[in-house]
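Next come the chains, spelled out residue by residue.
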Amino acid sequence: MMVSLCEPLFSCALSKQLLGTLILSRNGKKPNLYRYHHFLPYLNSKISLWTSPLNPVIRVGPSFMRSCSKKSHADQLFEGFDEICIDVPWEANDVWSTFVGYLFMIHIPLSFGGLSIVSSVLHKPALDPPTMLAATAVFQSLELFGAFSLLQYATKRNHNFYRFLIRKVLLPRKNWVKKTVIGVGFLMALVSVTSILADMLIGPKDANDPIIKEILSEGLASQLVLFFLYCINAPLLEETVYRGFLLTSLATKSKPWQAIIVSSCVFSLAHFSFENSFELFIVGCVLGYMYCWTGSLVSPIIVHSVYNAVILLISMV
C-alpha cells in the first residue's frame, strides 16, 4: 500500500504541519501516528518512509513540492522560524519561571554583585585592573556554567539541552555565512545611524568605558583575556539564554516578530543600562532576526562577537 501526498490533497499553507504529524490507517486497524521532525528541514527534497510490508509507504512527490515552492514575503523573512520551533526541550509554560530563576539566582548576583564581594573580601574600595579582570573572568565562567546547568535542569523529560545546543551551533543551515555577513553589516550600519541620531537629540556621549580602557592598557595578556570574555564567552552565554532559550520558547506560542520584540526587550533590560537600553534593544532585534532567518545560533553568536569586538577596538583608540 502506498499513500501519496500531492498538491490536490494538501494546501501549501498546511503542508509543514501535516508532514509533522501524519495519521495513516492500516487494514482498518487503529491509525498509526508518525512524526517527521527530522524531515522538516529538508522539505525541498523528496521524503519517503519505508517500513515493513504491512505498513504503508509515504512519499512526497514533485508536484507537492512545487506547490510549496512559492513562499510569501513573510515566509522568506522568517524562513528559519519553523526549524527553531522543532523539538524545543522546554515547556512553554515554564519559560518565565526559568528565566526569572536565571536572572535573580545567577545573572544579577554574579554580574553585578560579584565584584562587590571581592572588594569586601580584599578590603579594597576599588579593585585594580588585573584583579578586576581576574574576578570578572571567574564570575562570567560561573555564570555560563550556572546558566547551562539551569537550562538542562529545566528541560522536558527525555530531552537534553546540550544536544539541542550542539544542533543549533554545529549544524547551521545552508548560506549561513552569507546571511551572517549581511547581519554584521546591517547591525553596524544601524547602530551607527542610531548613535548619530542620539547624539543629535540628547547630545554626544563618551563611547569609551573608562574601566575597559584602563584594563586594555595593562598589556597584551589583559587584552586577550578581555577579548575572550567579550567576544566568545559573553556572546555564547547571552545568545544561548536570550535567543536559544527565551526566543525559542516564546516562538512556540507566538508569531516571529512578537518573540523577537519580547526577547529583545528582556535582553535590553537585563543589562541594567538605561542610557544604552535603546541601542541594546536594536541589537537584540537584529540578533533575534538573525536566529529566525538562519534557524541557527551560529549567526547571532558571530554577529554579537563582532559587535563586541568593535566596541573593544574603539575603546583601545
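Per chain, residue numbering runs from 1 following the sequence as it is written. Reporting of local features is limited, given that this is a predicted model, to residues whose pLDDT is at least 70; pairs of side-chain atoms are given and counted only at 80 or more, and all residues count toward the totals for whole chains, interfaces and linings. Excluded from the side-chain calculations are hydrogens and water; all other atoms, namely the structure's heavy atoms, are used.

Draft legend 1. Summary view of the packing of helix H12 (residues 256-269) against helix H13 (residues 277-294). Contact geometry of H12 with H13 gives a least axis separation of 8 Å together with a crossing angle of 140 degrees. In this view, H12 runs oblique relative to H13, as classed from their interaxial angle. Crossing handedness for the pair H12 and H13: right-handed. Facing Ile260, Ile261, Ser264, Cys265, Phe267 and Ser268 of H12, the residues of H13 in contact are Ser277, Leu280, Phe281, Val283, Gly284, Cys285, Gly288, Tyr289 and Cys292. Here the residues of the contact of H12 with H13 sort into 10 nonpolar, five polar and no charged. The axes used here are C-alpha line fits, helices contributing only the stretch in contact, and every angle between their N-to-C directions lies in the interval 0 to 180 degrees. Runs of H or I in DSSP of at least four residues are treated as helices and runs of E of at least two as strands, each being numbered from the N terminus. Throughout, the term roughly parallel applies to angles under 35 degrees, roughly antiparallel to angles over 145, roughly perpendicular to angles from 65 to 115, and oblique to all others. The hand of a helix crossing depends on one turn: near helix anticlockwise from the far one by less than a right angle means left-handed, and clockwise means right-handed. Here a residue-residue contact requires only that any non-hydrogen atoms of the pair lie within 4.5 Å. When residues are grouped by polarity, Ala, Val, Leu, Ile, Met, Phe, Trp, Tyr, Cys and Pro land in nonpolar, Asp, Glu, Lys and Arg in charged, and all others, Gly among them, in polar.

Draft legend 2. Region of the structure containing H12. Its 14 residues place the ends of H12 20 Å apart at the C-alpha level, agreeing with the 20 Å of an ideal helix rising 1.5 Å per residue. Residue burial is assigned from relative accessible area. The probe radius is 1.4 Å, only protein chains are included, and a residue is buried under 20% of its type maximum, exposed over 50%, and partly exposed in between. Those residues of H12 not exposed but buried are Pro256, Ala259, Ile260, Ser263, Ser264, Val266, Phe267 and Ser268. In this scheme, a helix's expected span is set at 1.5 Å multiplied by one less than its residue total.

Draft legend 3. Examining the packing of H13 against helix H14 (residues 298-316) more closely. Between H13 and H14, whose axes approach to 8 Å, the crossing angle comes to 150 degrees. Between H13 and H14, the interaxial angle falls into the category roughly antiparallel. Residues Glu279, Val283, Leu287, Met290, Tyr291 and Thr294 of H13 lie in contact with H14, whose contacting residues are Ser299, Pro300, Val303, His304 and Tyr307. Partitioned by chemical class, the residues of the contact of H13 with H14 number seven nonpolar, three polar and one charged.

Draft legend 4. Just the side chain of Glu143, in detail. Assignment of secondary structure puts Glu143 in helix H7 (residues 129-153). No salt bridge is formed by the buried Glu143; its nearest oppositely charged neighbour, Arg243, is found at 12 Å. With residues near it in sequence (within four places) discarded, Glu143 still touches Tyr102, Ile106, His107, Leu110, Ser111 and Leu237. Here the positive residues are Lys and Arg and the negative ones are Asp and Glu; neither His nor the chain ends is included. For this document, the term salt bridge refers to a Lys or Arg side-chain nitrogen within 4 Å of an Asp or Glu carboxyl oxygen.

In short, shape yes, function no, at least from these values alone.
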